[in-house]
Amino acid sequence: MRKPFIVANWKMHKNVAESVDFVNQIKDKLPDPDKVEVGISPQAFALHSMKQAAGDSGLRIIAQNAAAEFSGPFTGELSLRGLRDLGTDYVMLGHIERRRMFGENNAAVNKKVESALQMGVTPIICTDETMVQKVVNGEIHYVFQQLMDVLHGISLDQIKKVVISYEPSWAVGVGQHANVALAEEGCRTIRRTIADNYTYEIADKIRILYGGSVNPDNIKALMAKPDIDGVLVGRASLDVDNFLKMANYLDED
Ligand code: PEP
């Protein structure tokens, strides 16, 4: 059974005081962490204070990015060693905005994934590509080549630990309605891609999230789909009431 995972991506919003205040407002109203996992990815400078504020509430604290190198002359970068020491639970890697605006390519994201796994900070690997046709053993398959490039060299043991997020470019940050059928199709194709390249058992266990214009009105329909194990939410996660409605989607009418 794959535990649902609701992730807020705050991007470049909220200062430390606002981030901590948010945690204080939500931490006693979160779902049972044995049933639903909930996490927030704030700006890097708020990670520590949020971790402290979250206490034993079960709220996961997630970094938005990290460098592949553990230390050295990389001005302005964020070290995975530092993130691990701080108790960061997950790190998002390869988000579409990192790719589009900061030129991250598959090779760079691949190195970061390897480093995160080595450092023991679980990567949430974001893939935004549309599917491509590929002939595998004489049959046409639809695959996410971008994802396979990012997973290059990742072993059977390592892949079990990652979370994948499908965030198609037509849906991220645009405020249109998320297309539930297309979201499911994308997540299902990712699961099949993992099964083809690793094993069915692993594909069955790995968590695949959907991101792109998720909000309190569409989260239930998305989460009802068999291959969508969670959501990654941008804009709609910035407001306490909306966030709590999504985190507690199982209880909402
Ligand atoms: C995101 O940027 O990860 C995202 C899903 O944004 P939004 O929910 O605003 O589309």
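Analysis parameters
Residues numbered from 1 in each chain as written. Predicted model: local features only at pLDDT ≥ 70, side-chain atom pairs only at ≥ 80, totals over all residues. Heavy atoms only, no water. Helix = DSSP H or I, 4+ residues; strand = E, 2+ residues; numbered from the N terminus. Buried < 20%, exposed > 50% of the residue type's maximum accessible area, 1.4 Å probe, protein only. Pairing = 2+ DSSP bridges. Axes fitted to C-alpha atoms, helices over the stretch in contact; angles between N-to-C directions. Contact = heavy atoms within 4.5 Å. Near = heavy atom within 4 Å. Polar contact = N/O pair within 3.5 Å; in protein donor to acceptor, adjacent residues only side chain to side chain. Nonpolar A, V, L, I, M, F, W, Y, C, P; charged D, E, K, R; others polar. Expected span 1.5 Å × (residues − 1). 1 Å grid on protein atoms, 1.4 Å probe; cavity = no way out; pocket = protein on both sides within 12 Å on 5 of 7 lines; lining within 4 Å. Points joined across faces, edges and corners; volume = space filled by probe spheres on them. Right-handed = clockwise from strand over helix to strand, strands pointing away.

This brings us to unusual backbone geometry. Glycine aside, negative phi is the norm for most residues, and most peptide bonds take the trans geometry. A positive phi angle, close to 50°, is found at K11, a residue other than glycine. Its location among the elements puts K11 in the loop between β1 (5–9) and α1 (16–26). With phi around 60°, S213 is a residue other than glycine that occupies positive phi space. By the element assignment, S213 lies in the loop between β9 (207–211) and α10 (219–223). We classify S213 as buried; its relative accessible area is 10%.

Spatially, 8 strands are ordered β1-β2-β3-β4-β5-β8-β9-β10 in a closed barrel, and the strand pairing comes out parallel. Pairwise comparison of adjacent strand axes, ignoring direction, gives a mean angle of 25° for this sheet. Alignment of strand β2 (residues 37–41) against strand β3 (residues 60–63), held across 2 bridges, turns out to be parallel. Residue pairing in the sheet places I40 in a bridge with I61 of β3. Seen against the sheet, helix α2 (residues 47–54) touches β2 and β3 and runs at an angle of roughly 170° to β3.

The subject of this paragraph is the site of the ligand. With respect to spatial proximity, 15 residues lie near the ligand, and among them K11, E167, G173, G234 and R235 are the closest. K11 is positioned with one of its side-chain polar atoms (N or O) 2.5 Å from an oxygen atom of the ligand. S213 places a polar main-chain atom, nitrogen or oxygen, 2.9 Å from an oxygen atom of the ligand. Here the shell around the ligand is composed, by residue class, of 4 nonpolar, 7 polar and 4 charged.

Right, let's get into helix α8 (residues 180–197). Between its first and last C-alpha atoms α8 spans 26 Å; for 18 residues at 1.5 Å apiece the expected length is 26 Å, and the two agree. Listed in full, the buried residues belonging to α8 are V180, A183, E184, G186, C187, T189, I190, R191, T193, I194 and A195. Capping the start of α8 is the job of one residue whose side-chain oxygen sits 3.1 Å from the backbone nitrogen of A181: N179.

Here the largest pocket is characterised by a volume of approximately 580 Å³. Lining the largest pocket are 20 residues, and of these M12, Q64, N65, R98 and F102 lie nearest its centre. If you tally residues by element for the lining of the largest pocket, the top one is helix α4 (residues 96–102), at 4 residues. Residues belonging to the lining of the largest pocket are distributed by class as follows: 10 nonpolar, 6 polar and 4 charged.

Let us now look at the pairing of β3. Read from β2 through α2 to β3, the crossover connection turns out right-handed. In this view, the connection linking β3 to its parallel neighbour strand β4 (residues 90–93) by way of helix α3 (residues 80–86) has right-handed handedness.

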